[in-house]
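As a plain string of letters, each chain reads:
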Number of protein chains: 2
Amino acid sequence: MKISKTEENYLKAIFSITEKDTPSASTNAISHKMQTSAASVTDMVKRLAKKKLVIHESHKGVHLTKSGNQIATMLVRRHRLWEVFLVEKLNFLWDEVHEIAEELEHIKSDELMERLDNFLGNPKFDPHGDPIPDAEGIFATRQQVVLSELEEGENGLVVGVQESSTPFLKYLNQLGLGLGSEVKVLEKYDYDNSAKILLNKKNEIVITGKVCQNLFLQKK
Amino acid sequence: MKISKTEENYLKAIFSITEKDTPSASTNAISHKMQTSAASVTDMVKRLAKKKLVIHESHKGVHLTKSGNQIATMLVRRHRLWEVFLVEKLNFLWDEVHEIAEELEHIKSDELMERLDNFLGNPKFDPHGDPIPDAEGIFATRQQVVLSELEEGENGLVVGVQESSTPFLKYLNQLGLGLGSEVKVLEKYDYDNSAKILLNKKNEIVITGKVCQNLFLQKK
DNA sequence: TAATAAATTTAGACTAATCTAAAAATTTTT
DNA sequence: AAAAATTTTTAGATTAGTCTAAATTTATTA
């Protein structure tokens, strides 16, 4: 069965919507994520349902079938492996790789991904700290908390970001924060959720509540 | 101006047809190369002409304009750079990489190709010995002859293949012949154009006329 | 619970890329 | 140069993916 690039992108969108809290993705949510009209979504959802990649109850949203989920997971795997390649081997910055990986992920060759995985040393997390599913679709897990959950005096290692928008990543670069940064919480200011932290045992900086809620740390 | 993957593939086909002897590509030649109907070619050629990528005189074939040629050249550059990556870094065999490179070549990012080029050490020839145009579209040249042009007693280094079909490349692998093989012509048999050669100063083997005509050597 | 607002689907149309079958043009052969 | 063969184009249809506008369904609110 042939699956087009567009169909793949819809599967990925449905995957990312249903991944979180919501068990099914609404037409609107999908159209928003895909930057397209609701009518187009209805058309496409019907096509995907005919191919048994999603289950769709009229006016009740869609969710992925097993095979739909499998395809979406492999797209995530490819995307994240290519991001590792772009950052580690071609020296792109972590905020520059998304669009290119978005293209590369559609190249369907298991052999290619197998070899790329080995070439990169079988990484378990991508440059944003997101887990890379293995060839069977299993995601690695890691004990992680958001920065705002740390108490004063606690230490942590930055292992990921909640949000991976370019402005946010650029801002982190400016602050000197990145994957692998060491953080110690010095003070927490409850009234606006900001915090003063010690970065890499050297600089004291103050970061806003928004940043605190978007950074994943591994406690140390 | 947006150019689709399909349009790009037509440009590449026209490029490869007009590269050789013929100054213009016929509808039939294109349809044969693209494995499609002549009617589709006519349609597509009209589209490409409207975009000023080709020049088309009815019943007299097409040829690329300057901008059409530029796009085709960049496709060749991307294709060949990715082939180097697949063979040198991911350890694919040189006869396994064509289809994957065929996909990778459509990813349009100058930044990506610049970085890949550097990562690979700015190679001038791909794993089949074909020249890789630089970012300005200039092809490297090399003093090369086909094996059948060598006289008895002459030495050469295998630097390329005329034909890059999978069966031919597989056959070369079987013979132990590849890029970089050293060859000395021991005897030439005029009646069927076959030859006995000394391979890598070790093995004497006899190769057919067909192989002799498809191997490019650099004289030594 | 009826009215209003929001979400979703249907209807109908458009573009790009493709096809088959038939017509027209060109080239080759006799 | 006329007939035959080949090549190319036209005509009309098809599929995937998209759109806008209108109709319908569901959810919210007064």
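The shown structure was predicted, so the numbers you read here are calculated from the model rather than taken from an experiment. (Residues numbered from 1 in each chain as written. Chains lettered and ligands numbered in written order. Predicted model: local features only at pLDDT ≥ 70, side-chain atom pairs only at ≥ 80, totals over all residues. Heavy atoms only, no water.)

Visitor: Explain the confidence of the model for chain A to me, and be specific about the residues and the numbers.
Guide: The predicted model of chain A averages 90 in pLDDT, with 100% of residues at 70 or higher. Confidence, expressed as mean pLDDT per element, reaches its minimum in chain A at helix 7 (residues 166–175) of chain A with 87 and its maximum at helix 6 (residues 110–119) of chain A with 97. (pLDDT = per-residue confidence, 0-100. Helix = DSSP H or I, 4+ residues; strand = E, 2+ residues; numbered from the N terminus.)

Visitor: So what's going on with the protein's contact with DNA strand C? Residues and values would help.
Guide: Surrounding DNA strand C, one finds 22 residues, the nearest of these being Asn28(A), Ser4(B), Thr36(B), Ser40(B) and Arg47(B). In DNA strand C, atoms within 4 Å of the protein come 76% from sugar and phosphate. In this structure, a phosphate oxygen belonging to DNA strand C sits 2.8 Å away from a side-chain N or O atom of Thr27(A). Here Thr42(A) contributes a side-chain N or O atom positioned 3.2 Å from a phosphate oxygen of DNA strand C. At the level of secondary structure, the elements contributing two or more residues to the surface near DNA strand C comprise helix 2 (27–34) and helix 3 (38–50) of chain A together with helix 1 (5–19) and helix 3 (38–50) of chain B. Among the elements that line the surface near DNA strand C, the one with the most residues is helix 3 of chain B, at five residues. Of the residues assigned to the surface near DNA strand C, the class counts are five nonpolar, 13 polar and four charged. (Near = heavy atom within 4 Å. Polar contact = N/O pair within 3.5 Å; in protein donor to acceptor, adjacent residues only side chain to side chain. Nonpolar A, V, L, I, M, F, W, Y, C, P; charged D, E, K, R; others polar.)

Visitor: Help me get a handle on the relation of the copies chain A and chain B, residues and values and all.
Guide: Laying chain A over chain B is done by rotating through 180° and shifting 0.0 Å along the axis; what remains is an RMSD of 0.1 Å. On this basis, the relationship between the two copies can be described by a two-fold rotation axis. In terms of C-alpha distance to the rotation axis, chain A has Leu104(A) as its closest residue, with the C-alpha 3.7 Å off the axis. By residue overlap, the copies meet face to face through one surface: 100% of the interface positions of chain A are interface positions in chain B. (Least-squares fit on C-alpha atoms with pLDDT ≥ 70 in both. Contact = heavy atoms within 4.5 Å.)

Visitor: Provide a residue-level description of the sheet that holds strand 6 (residues 194–199) of chain A, including the pertinent values.
Guide: Within a sheet, neighbouring strands are paired by backbone hydrogen bonds and run either parallel or antiparallel to one another. Residue and element names in this part refer to chain A. Taken together, the six strands give an open sheet; going across it, the order is 3-8-4-5-6-7, and neighbouring strands pair in antiparallel fashion. Looking at the sheet topology across the chains shown, the edges are occupied by strand 3 (145–146) and strand 7 (203–207). Of the strand pairs in this sheet, strand 4 (residues 155–161) and strand 5 (residues 182–189) are connected by three bridges, and their pairing is antiparallel. Across the sheet, Leu157 pairs through a bridge with Glu182, a residue of strand 5. Of the strands in this sheet, strand 4, strand 6, strand 7 and strand 8 (215–219) touch helix 7, which is tilted by about 150° from strand 4. (Pairing = 2+ DSSP bridges. Axes fitted to C-alpha atoms, helices over the stretch in contact; angles between N-to-C directions.)

Visitor: Tell me about the side chain of Asn214(A), residues and numbers included.
Guide: All names here are of chain A. Considering the arrangement of structural elements, one finds Asn214 in helix 8 (residues 209–214). On the basis of relative accessible area, Asn214 is assigned to the buried category, the value being 11%. For Asn214, the residues in contact, after removing those within four places along its chain, are Gly160, Val161, Gln162, Glu163 and Phe168. (Buried < 20%, exposed > 50% of the residue type's maximum accessible area, 1.4 Å probe, protein only.)

Visitor: Tell me what's going on with the domain arrangement of chain A, and back it up with residues and numbers.
Guide: In terms of domain boundaries, chain A breaks down into domain 1 (5–64) and domain 2 (145–219). A separation of 34 Å is found between the C-alpha centroids of domain 1 of chain A and domain 2 of chain A. (Domains from an automatic or database assignment.)

Visitor: With reference to specific residues and values, describe the protein's contact with DNA strand D.
Guide: Taken together, 22 residues lie around DNA strand D, and Ser4(A), Thr36(A), Ser40(A), Asn28(B) and Lys46(B) are the ones closest in. Here DNA strand D approaches the protein such that, of its atoms within 4 Å, sugar and phosphate make up 74%. Within the contact set of DNA strand D, a phosphate oxygen lies 2.3 Å away from a side-chain nitrogen or oxygen of Ser4(A). Here a phosphate oxygen of DNA strand D sits 3.1 Å away from a polar atom, N or O, in the side chain of His56(B). Elements that contribute at least two residues to the surface near DNA strand D include exactly helix 1 (5–19) and helix 3 of chain A together with helix 2 (27–34) and helix 3 of chain B. A total of five residues in the surface near DNA strand D trace back to one element, the largest contributor, which is helix 3 of chain A. Taken together, the residues of the surface near DNA strand D break down into five nonpolar, 13 polar and four charged.

Visitor: I'd like a rundown of the sheet that holds strand 7 (residues 203–207) of chain B, residues and numbers included.
Guide: Residues and elements named next belong to chain B. Across the sheet, which stays open at both edges, the six strands sit in the order 3-8-4-5-6-7 with antiparallel pairing between neighbours. Looking at which strands have only one partner, the edges of the open sheet turn out to be strand 3 (145–146) and strand 7. Sitting on the sheet, helix 7 (residues 166–175) is in contact with strand 4 (155–161), strand 6 (194–199), strand 7 and strand 8 (215–219), with an inclination near 150° to strand 4.

Visitor: Go over the pairing of strand 4 of chain B with me, naming the residues and quoting the values.
Guide: All names here are of chain B. Counting buried residues in strand 4 gives five out of seven residues, a clear majority hidden from the surface. The pairing of strand 4 with strand 8 spans five bridges and is antiparallel. Paired with Leu157 across the strands is Gln218, a residue of strand 8.

Visitor: Please provide a residue-by-residue account of the interface of chain A and chain B, values included.
Guide: Accessible area lost when the parts come together is the quantity often used to give the size of an interface. On the side of chain B, 18 residues touch chain A, which itself brings 18 residues to the contact. Taken over both partners, the interface formed by chain A and chain B buries close to 1500 Å², and the fraction arising from carbon and sulfur atoms is 81%. Scanning the region where chain A abuts chain B turns up zero salt bridges. At the surface where chain A touches chain B, the tally comes to four residue pairs in polar contact (both at pLDDT 80 or more). For the side of chain A that touches chain B, the element with the highest residue contribution is helix 6 of chain A, accounting for five residues. Classifying every residue of the side of chain A that touches chain B gives eleven nonpolar, two polar and five charged. (Buried area = accessible area lost by both parts, 1.4 Å probe. Salt bridge = Lys/Arg side-chain N within 4 Å of Asp/Glu carboxyl O.)

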